[in-house]
Structures are given as C-alpha cells and as structure tokens.
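# Residue-level structure breakdown
One letter stands for each residue in the lines below.
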Amino acid sequence: MSPQLPPVAPAVTAELVAALSPRLRKRLDSGIAKLADRPVVRDGDIARIAVDDDTDLELHAPDGAVRQAGAVRCGCLLAPDCLHRAAAASLAPVAEDEAPGHDGSGVDSPAPRGGPGKEQPAEAAEPPESATPEQRAAARAVRLAAAAVLEAGTDGAGAVLQAELLRAAHTARLAGLHRAAATAVSVVTALRAARSADPAYHLTDLVTGLHEVLHVSHRVPAASGTELSALRGTARQPYRPDGSLRLYGLFSEPVLTASGYAGAVTWTADAEGRLYQVSDVAPGGAGRAAGAADRAVRIGDTALTHRELARAGLAVSGATVSPTGRLGAGAGVRAVRAGGAGWHEDPVTRLWAEPVPDQIARALTGGHGLLFLDVTLTGTAAEAAGDCLLADCDGVTLRLTAAHDHPALPHRDNLRLLSAARGTRLRVVARLTPAAHPRAQLLAAEHPARSGTRLDIGLDRLQRADLPTAPAAAARPAPVPDEAPIHLLRRRVQQTVSGGRPVLALPGDTRADARRLHHSGLATAADLLTDLHSAAADRAHDVFGRLRPADPERFARAWLAAAHYTAELDRALCLAAWTS
C-alpha cells in the first residue's frame with residue numbers, strides 16, 4: 001500500500017481550485033481519479049507523485065500538513081496553473097487544527113449538535129451579544145455552499161463544490177465560527193469518502209453533518225447570548241489541570257474515520273465512575289486502526305499498550321483533561337501502571353449499576369453515548385446493512401450492531417459468532433444509536449465461555465472454538481415491535497443527500513406516504529414531507545416559457561426542517577422505547 005498524501009488546509013484547496021480556468025474545472029474530477037491511481041512516495045516531509053515519466057508533483061508538509069498553496073509544486077509545463085496541483089489538494093485529506101478525538105462520530109465537534117440553546121436573561125445594562133457582520137456574512141457563505149452540495153447530492157458534489165464549501169469553512173473559521181467551519185470540513189471529508197466508495201463511509205454521517213452545518217449557519221444571524229456562544233463553538237478543546245488520577249481500564253476500540261484518521265482509544269474510569277480516554281489517533285487507514293492497540297500508550301513514561309491498559313490500571317499525576325474526558329500527554333504528565341478491576345468488581349461495577357433509563361437520558365443530552373448493560377443474547381435480525389445481534393435487556397429487545405464494517409476490523413465477524421451463543425448472559429459496553437427502537441453499537445463484551453475475560457469487539461477476534469459447547473436453551477428471538485412510520489420521511493431526507501434535489505423532483509404521486517403519516521398521528525411529518533417534495537419540484541417559468549433556476553435556499557430550508565424533525569423525533573422515540 002502506498003503512503004498517504006499529507007493533509008491539505010481547506011484554504012489551500014479552495015485557492016488552487018479557484019485558480020483553474022472554467023475548462024480545467026470541468027476536468028477536475030477526472031483528474032483526481034487519474035491521480036488517485038498513481039503511487040505516492042514519501043521522503044521526509046515531502047510526498048511525491050509521478051504524474052508521468054517526466055513530471056513529478058510534490059506536496060511539502062513541514063509540520064505534517066500543507067498550509068500554503070506554494071507548497072504544492074508541479075513540474076509540468078502548465079504549472080502553476082495546472083490541473084495537477086488542484087487535483088492533488090482535492091485528493092488529500094483535509095487538514096484540521098488538530099487530529100480528531102473520538103466521540104462516536106469520528107469528529108471532535110466543538111459544541112454539541114441539536115436545536116437552539118436556551119437564552120439566559122440578560123442584565124439590563126448589557127444586552128445579549130449578537131453576531132457580527134463578518135459572522136453573518138460567513139454564515140451565509142457556509143449556508144449557500146452547503147445548500148449547493150445538498151442540491152447536487154453526493155454524485156454531483158464534485159471537487160469544485162467541495163472547494164467552495166472548504167472556502168466557506170475557512171471564512172467561517174476566520175470569523176470565529178469554529179463549529180460551522182469544523183462541520184463543513186467534516187461534510188467535505190464524508191463527500192470524498194462517499195464518492196471513492198470508502199468502506200468507512202456511512203450515509204447517516206453525511207446526513208448528520210449537513211444537518212449540523214445548515215442548522216448552525218441558519219441560526220447564527222439571528223442568535224444572541226448563550227445560544228450564539230454555543231453556535232460559534234471554540235477553536236480548540238482546552239485541557240485543564242486535574243491533579244492526580246487513579247484510573248481503571250475498561251476497553252479499547254479502533255478509530256477509523258472517513259477523514260483519513262485512524263488509531264485506537266482506550267476508555268478508563270476513576271473510582272467515582274467518571275470516564276477518561278487515552279487516544280492514539282493520527283493520519284492513516286485500516287492497517288493503523290487494526291494495529292494501534294498494540295502500540296504503547298502515549299502518556300507519561302508507561303510502557304503499557306492500549307490493549308494492556310484496557311485490562312489494567314493507571315496512576316497519573318499532573319493530569320490534564322479536555323472537556324470530553326480526553327487525557328493530555330504533556331511534558332508535565334506522569335503515569336505508571338497500576339492494578340485493574342474486573343467489570344464485576346469495585347469500583348468499575350458501579351457503571352453497570354446506573355439505571356438504564358438514566359444512561360439513555362444522559363446519552364441523548366450530549367453525554368459520551370456509552371451504555372453499560374447486562375444482556376441475554378437471543379438471536380439475530382436481518383437488516384439492509386447486515387444482520388444485527390438481538391439481546392434482551394431488562395425486557396427490552398435491543399439490536400446490537402457493528403461499529404465498523406471495514407473487513408480489516410473484526411466487528412461484524414464477532415457479532416456473527418456471538419449470535420450462536422443464544423441464551424448467554426453477558427455484561428457489555430455499547431454506544432447508543434438514537435432510533436425509534438432500542439439500538440446500539442457493540443464495543444466490548446464479556447467472553448461468552450471464559451469467565452473474567454473481556455473482548456474488545458473491534459480488536460479481538462472471537463473464534464468458533466471459543467463459544468460455549470452447550471449454550472443455555474434460550475427463548476426464540478424476541479419479535480421486533482412495529483415502529484412508527486417515520487422512516488417514510490427519513491428515507492426522503494437520506495435520498496436527497498445521495499441523489500440531490502432531482503431525485504425528489506421526479507414525477508410521481510407522493511401523497512400515499514403523507515396519508516400514511518397522517519393516519520399514524522404524524523401530521524407534522526406529513527406536512528414536512530409534502531413541503532420537501534414541493535420545494536424540490538418548484539421550477540417556475542419565465543415569460544418565454546423557460547424554466548427558471550431552482551431556489552436552492554428554499555429547498556435547503558425544507559430539507560433542514562425535515563432532517564431536524566426526524567432527528568428530534570428519533571430521540572424522543574428512542575427514549576420512549578428504552579423506558580416504556
């Protein structure tokens with residue numbers, strides 16, 4: 001496998017694409033495809049691609065990323081205005097301020113996603129702060145660029161539209177809109193993963209990213225006070241001193257993102273049940289994700305690997321911690337190996353003692369999303385994305401799914417083997433997936449046959465010989481309850497992201513879906529579906545009978561309303577499904 005190109009700053013890609021002539025812009029996507037087939041050779045800080053027998057293309061990344069357009073150099077006759085420089089920048093990962101952490105999405109978001117925040121009463125002498133003219137202009141630029149991407153869909157959102165969104169992201173960052181900038185970059189990386197058929201790509205991630213970037217850019221101009229602060233976000237996650245910590249390893253999970261980062265994160269807990277993460281995430285692919293667990297933990301002088309830390313403990317002095325619980329690895333941090341604790345031993349067992357409804361509520365309100373559950377395996381259920389593992393959790397039928405589908409990682413193979421251990425009672429760790437039914441990604445579990453042994457589902461490969469020889473006779477798989485037909489609206493939201501506005505503008509009778517939603521008591525969903533189709537098909541004619549251009553902003557607003565409603569309803573139905 002050839003080395004990966006170094007990340008390129010958004011402004012650099014935007015500048016190189018903008019410098020192309022209209023003729024070369026039309027050829028940019030094909031140029032990227034041709035360049036992707038060429039091997040990359042790394043020589044220190046330089047990545048070199050042989051465009052042909054006589055021409056080399058170089059990317060200079062002295063600090064690990066390309067920060068200036070002049071650092072992308074080509075030896076062809078048309079340089080510096082050639083297609084090759086823009087193609088290389090569009091092919092490379094997008095540089096971020098820092099390597100992303102892991103909160104289940106693959107992106108270290110500066111602020112939680114969701115609806116508008118609650119504005120606090122202002123003092124009489126100082127009215128709430130509002131967005132500056134520069135921030136309103138930057139928000140509009142992001143909104144227009146994201147609307148253009150939504151209009152085109154993944155198939156039509158090539159390098160030119162991606163560069164426009166990167167340019168808007170750079171403008172937003174300069175204006176202090178860090179949340180909008182980070183999310184816009186995540187949308188571009190997801191688009192590239194979709195268009196390259198990257199196994200790490202998930203349509204739901206792109207839907208979430210577009211929802212976030214359109215929501216933030218839509219709300220910023222009218223926001224003030226605490227809502228505006230949340231919408232702006234922060235440039236970096238500050239690390240605060242946290243003194244001495246006594247931590248107990250829980251599990252490790254691989255990280256593999258569509259933005260070109262890979263590695264591992266090990267989760268630990270202190271005696272009070274607070275969670276901390278030790279991460280090793282850097283540019284790389286599936287090979288780095290699969291092997292990172294056997295790399296030494298980068299904190300203090302400890303020689304523990306991530307796999308070892310997941311089952312041992314750590315004593316840390318001079319600790320620094322981010323707001324999400326990530327441990328810093330600064331020069332003043334000291335760490336030594338300490339004894340661990342089993343999942344059924346104090347103090348770790350208290351994580352499983354928390355009532356499940358409380359865990360769900362925390363996960364749905366901006367928590368880490370981890371669930372600590374005692375389940376009984378009951379079988380499998382077929383889904384479009386592959387079979388999921390069914391389990392009974394205090395009378396609730398839970399669907400446990402794979403966190404990653406990449407064949408280099410054992411998630412799906414382990415789930416398939418665990419389905420043969422029907423009737424086995426296990427203690428597991430999972431990450432909540434908000435849905436209209438109880439659903440979560442399985443991250444770690446007790447071994448089905450070896451008492452006291454744990455499995456990191458994304459790192460340890462379960463063998464058929466490891467399964468119980470005579471599993472307990474369990475009840476047949478519990479029936480999956482009927483769900484509210486919100487999928488009728490969610491499907492259109494997702495289809496738009498894949499195929500763009502034209503998919504929803506195709507002729508046909510869409511009233512049947514709206515009637516079904518009405519009959520199910522989802523009148524708002526029915527109205528949003530009707531409005532989405534209406535906005536997609538809205539093409540007025542001019543005085544000569546010619547079709548006027550579509551209004552992408554109206555369509556984006558209609559899609560945003562539908563996406564926001566679907567996400568919030570999923571959260572409400574999720575809570576009801578777990579607690580009813």
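Heads up: these notes are all about the structure in this document. (Residues numbered from 1 in each chain as written. Predicted model: local features only at pLDDT ≥ 70, side-chain atom pairs only at ≥ 80, totals over all residues. Heavy atoms only, no water.)

On to the pairing of strand β11 (residues 388-393), then. Within β11, five of the six residues are buried, which leaves the element mostly enclosed by the surrounding structure. Across five bridges, strand β10 (residues 370-381) lies against β11 in antiparallel orientation. Across the sheet, Ala381 pairs through a bridge with Cys388, a residue of β11. Linking two consecutive strands that pair antiparallel, namely β10 and β11, is a turn of six residues; a positive phi of about 125° is found at Gly386 within it. (Buried < 20%, exposed > 50% of the residue type's maximum accessible area, 1.4 Å probe, protein only. Helix = DSSP H or I, 4+ residues; strand = E, 2+ residues; numbered from the N terminus. Pairing = 2+ DSSP bridges.)

Closest axis-to-axis distance for the helix α1 (residues 10-18)/helix α4 (residues 83-91) pair is 9 Å, and the angle between their directions is 150°. Comparing the axis directions of α1 and α4 gives the class roughly antiparallel. For α1 against α4, the interelement crossing comes out left-handed. For the pair α1 and α4, contact is made by Thr13, Leu16 and Val17 and by Arg85, Ala86, Ala89 and Ser90, respectively. For the contact of α1 with α4, a count of residues per class yields four nonpolar, two polar and one charged. (Axes fitted to C-alpha atoms, helices over the stretch in contact; angles between N-to-C directions. Parallel < 35°, antiparallel > 145°, perpendicular 65-115°, else oblique. Left-handed = near helix turned anticlockwise from the far one by under 90°. Contact = heavy atoms within 4.5 Å. Nonpolar A, V, L, I, M, F, W, Y, C, P; charged D, E, K, R; others polar.)

Before going further, it helps to spend a moment on a negative patch on the surface. Together, Asp52, Asp53, Asp54 and Asp56 make up a negatively charged patch on the protein surface. Of note, Asp53 is situated in the loop between β2 (46-50) and β3 (56-60). (Patch = residues over 30% accessible without salt bridge, like charges linked within 9 Å, V, L, I, M, F, W, Y side chains within 5 Å. Areas by Shrake-Rupley, 256 points an atom, 1.4 Å probe, with all protein chains shown as cover. Salt bridge = Lys/Arg side-chain N within 4 Å of Asp/Glu carboxyl O. Lys, Arg positive; Asp, Glu negative; His and termini not counted. Charge placed at Lys NZ, Arg CZ, Asp CG, Glu CD.)

Turning to the pattern of salt bridges, a few remarks are in order. Enumeration over the complete set of coordinates arrives at 32 salt bridges. Here Asp63 and Arg67 are joined by a salt bridge, their closest N and O atoms 3.5 Å apart. Here Asp374 ties to Arg427 by a salt bridge, and the two come within 2.8 Å at their closest N and O atoms. Taken as a pair, Asp374 in strand β10 and Arg427 in strand β13 (residues 425-432) lie far apart in primary sequence, 53 residues in all. Using a relative accessible area of 21% as the deciding quantity, one classes Asp374 as partly exposed. What you see here is one network of salt bridges that share partners, running through Asp294, Arg307, Arg311, Asp456 and Asp460.

Ranked by internal contacts, the top residues of the largest apolar core, which has 63 residues, are Leu210 and Trp559. Residues contacting Trp559, with those up to four places away along its chain left out, are Leu150, Val207, Leu210, His211, Leu214, Val493, Thr496, Val497 and Leu532. In this structure, Ala71, Ala88, Ala89 and Ala163 belong to the second largest nonpolar core, which totals 33 residues. (Core = buried A, V, L, I, M, F, W, Y, C linked by side-chain atoms within 4.5 Å.)

Judged by pairing direction, the sheet is antiparallel, and its five strands sit side by side in the order β7-β6-β5-β8-β9 without closing on themselves. The open sheet has two free edges, formed respectively by β7 (275-283) and β9 (334-338), since each of these has just one partner strand. Here the strands of the sheet are splayed against their neighbours by 35° on average, with no regard to which way each runs.

Here we come to the environment of Ser229. Locating Ser229 in the fold gives a position in helix α9 (residues 225-232). Judged by its relative accessible area of 45%, Ser229 is partly exposed.

As summarised here, the arrangement of the four strands in space is β1-β2-β3-β4, forming an open sheet in which the pairing is antiparallel. If you trace the sheet from one side to the other, it starts and ends with β1 (40-43) and β4 (72-74), each paired once. Mean inter-strand twist for the sheet, computed between neighbouring axes without regard to direction, equals 20°. Bridge count for β1 against β2 is four bridges, and the pairing is antiparallel. Looking at the pairing, Val41 lines up with Arg48 of β2. Sheet strands touched by α4: β3 and β4. Its angle to β3, the strand with the most contacts, is close to 50°.

A few words on helix α15 (residues 487-499). Turn by turn, an α-helix covers 3.6 residues, leaving residues three or four places apart pointing in a common direction. For α15, spanning 13 residues, the distance from its first C-alpha to its last is 17 Å, which sits close to the expected 18 Å at 1.5 Å a residue. Along α15, the residues classified as buried are Leu488, Leu489, Arg492, Val493, Thr496 and Val497. Turning to α15, the residues buried within the fold contact α5 (133-156), α8 (203-219), α16 (501-505), α17 (511-519), α18 (523-537) and α19 (552-579). Just beyond α15, the residue with positive phi is Gly500, at close to 80°. (Expected span 1.5 Å × (residues − 1).)

What follows concerns helix α7 (residues 178-195). Helix length check: α7 (18 residues) gives 26 Å between terminal C-alpha atoms against 26 Å at 1.5 Å per residue, within 8%. For α7, the tally of buried residues reaches 16 of 18 residues, placing the bulk of the element in the interior. A positive phi of about 55° marks Ala197, the residue just after α7.

Okay, the packing of aromatic side chains next. Evaluation of the coordinates by the stated rule reveals three aromatic pairs. Measuring from centroid to centroid gives 6.3 Å for Phe251 and Trp267, while their planes differ by 10°, and the two rings are stacked. Here the residue Phe251 occupies a position in strand β5 (residues 240-256), and Trp267 occupies one in strand β6 (residues 261-269), the gap between them amounting to 16 residues. Accessibility expressed as a relative area gives 0% for Phe251, which makes it buried. What makes Trp267 buried here is its relative accessible area of 2%. Ring centres of Trp343 and Trp352 lie 5.0 Å apart, and the angle between their planes is 35°; this geometry places the pair in the tilted category. The exposure class assigned to Trp343 is buried, which follows from its relative accessible area of 3%. In this structure an aromatic cluster arises from ring pairing among Trp343, Trp352 and Phe372. (Phe/Tyr/Trp six-rings, centres within 6.5 Å; stacked < 30°, edge-to-face > 60°.)

Before going further, it helps to examine unusual backbone geometry. Ala79 connects to Pro80 through a cis peptide bond whose omega is 10°. Within the fold, Pro80 resides in the loop between β4 and α4. Here Asp346 and Pro347 are connected by a cis peptide whose omega angle stands at 0°. One can find Pro347 in the loop between β9 and α12 (350-353). Even without glycine at this site, Ala197 takes up a positive phi of about 55°. Along the chain, Ala197 falls in the loop between α7 and α8. When its relative accessible area of 64% is taken as the criterion, Ala197 is described as exposed. For Asp394, which is not a glycine, the phi torsion comes out positive at approximately 55°. Take Asp394: it is sitting in the loop between β11 and β12 (396-401).

We now examine the environment of Ala190. Residue position: Ala190 is located in helix α7. Through-space distance from the C-alpha of Ala190 to that of Ala258 is 5.9 Å; in sequence the pair is 68 residues apart. Apart from the residues lying within four places of it in its own chain, the contact partners of Ala190 are Tyr201 and Leu206.

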